[in-house]
Amino acid sequence: MKLVVVSAGLSAPSSTRLLADRLAAATVAHVDAEIEVIELRDLATEIAQHFVTGFPPARLAAALDAVAAADGLIAVSPVFSASYSGLFKSFFDLIDKDALTGKPVLVGATGGTARHSLVTEHALRPLFTYLRALVLPTAVYAASEDWGEEGLAGRIARAGGELARFMAPADAVVVARPDVDTAAAIAPRSLHGAITSTDGTDGFGAGLVPFEQRLAALRGE
């Protein structure tokens with residue numbers, strides 16, 4: 001399998017690249033995958049040329065192909081003006097509109113203050129959702145004060161584990177047992193976990209249509 005890491009850090013060394021590397025290490029700790037890192041600062045000129053000419057230079061074309069062919073993607077950007085960087089956005093603007101469909105993507109960001117911690121939710125997650133990627137539940141933001149803290153290490157480990165599970169081969173996925181009562185499993189449930197009552201006298205399930213009836217209506221029975 002192939003894990004592609006896109007880092008939009010501009011300095012060397014870069015905290016963005018450091019976070020990207022730690023997320024990649026946390027992922028391959030659970031799944032056997034080859035890692036390819038794409039440093040966008042090395043492709044900045046090629047990205048600009050592509051916007052002007054409409055044709056990607058060889059190095060940029062190889063990077064775009066690698067992202068499209070990846071089994072999993074890690075994308076990390078520094079925070080610029082409370083959002084992802086322009087270089088980061090420009091690169092993903094060049095990705096084919098169908099290249100990320102259904103692909104598991106782990107997003108991360110770095111910044112100087114914890115006040116920007118929601119950038120992963122209001123900027124990065126919507127971007128990849130628009131591209132129809134499968135954005136993992138855990139996104140990782142690292143402020144300057146987070147480095148060396150246990151909380152960051154725990155988030156990185158959890159995020160890497162999630163990406164590894166979604167990258168796992170199909171034959172490793174646990175399927176539902178044939179003896180499971182699917183109708184009962186997805187029927188409405190109360191806050192206590194029991195099947196919701198349809199007895200209008202109990203004050204809780206009043207007005208509910210029994211699940212079996214709704215299922216039969218959907219089937220046209």
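Please read these numbers as outputs of a predicted model, since none were measured by experiment.

Participant: Would you explain the nonpolar core in this entry?
Facilitator: For soluble globular proteins, the rule of thumb is that nonpolar side chains tend to be buried together. In this structure, Phe-88, Phe-91, Phe-92 and Phe-128 are the most contacted members of the largest nonpolar core, which totals 39 residues. Mapped onto this core, the elements with two or more residues apiece are β1 (2-7), α3 (58-69), β3 (72-80), α4 (86-93), β5 (104-111), α5 (119-130) and β7 (140-143). Look past the residues within four positions of Phe-128 in its chain and what remains in contact with it is Leu-73, Ala-75, Phe-88, Phe-92, Leu-100, Val-105, Val-107, Ala-133 and Val-135. Counting residues in hydrophobic clusters, the runner-up holds 21 residues, among them Ala-26, Leu-152, Ala-159 and Leu-163.

Participant: Please clarify how the pairing of strand β2 (residues 34-39) should be interpreted in this entry.
Facilitator: Taken residue by residue, a regular strand's side chains alternate between the two faces of the sheet. Bridge count between β1 and β2: six bridges; the pairing is parallel. By the bridge assignment, Val-5 is partnered in β2 with Val-37. In this region the chain leaves β1, passes through helix α1 (residues 15-28) and returns to the parallel neighbour β2; the handedness of that crossover is right-handed.

Participant: Got a minute to help me understand the confidence of the model for the chain in this structure?
Facilitator: Detailed reading of the predicted model is not advised wherever pLDDT is low. Mean pLDDT over the chain: 82, with 76% of residues reaching 70 or higher. Counted against residues more than four places away or in other chains, residues 171-207, with its pLDDT under 50, gives 29 contacts.

Participant: Would you mind showing me how to read unusual backbone geometry here?
Facilitator: Pro-13 follows Ala-12 through a cis peptide bond whose omega is 0°. Relative to the helices and strands, Pro-13 is located in the loop between β1 and α1. The backbone of Ala-82 shows a phi angle near 65°, a positive value even though the residue is not glycine. Its place among the elements puts Ala-82 in the loop between β3 and β4 (83-84).

Criteria and thresholds
- Starting from 1, residues in each chain are numbered consecutively following that chain's sequence as written.
- pLDDT decides what is reported in this predicted model: residues at 70 or higher carry local features, side-chain atom pairs at 80 or more are listed and counted, and totals for whole chains, interfaces and linings draw on all residues regardless.
- Excluded from the side-chain calculation are hydrogens and water; included are all heavy atoms of the structure.
- Put simply, buried Ala, Val, Leu, Ile, Met, Phe, Trp, Tyr and Cys residues joined by side-chain atoms within 4.5 Å make one nonpolar core.
- The rule is simple: take the accessible area with a 1.4 Å probe, protein chains only, and divide by the maximum for that residue type; under 20% is buried, over 50% is exposed, in between is partly exposed.
- The helix count covers DSSP runs of H or I at least four residues long, the strand count covers runs of E at least two residues long, and both are numbered beginning at the N terminus.
- Contacts are assigned to residue pairs with any non-hydrogen atoms lying within 4.5 Å of each other.
- Paired strands are those between which DSSP finds at least two bridges.
- Whether a crossover is right-handed depends on one test, that the path from the first strand over the helix to the second runs clockwise when the strands point away from the viewer.
- The predictor rates its confidence in each residue with pLDDT, a number between 0 and 100.

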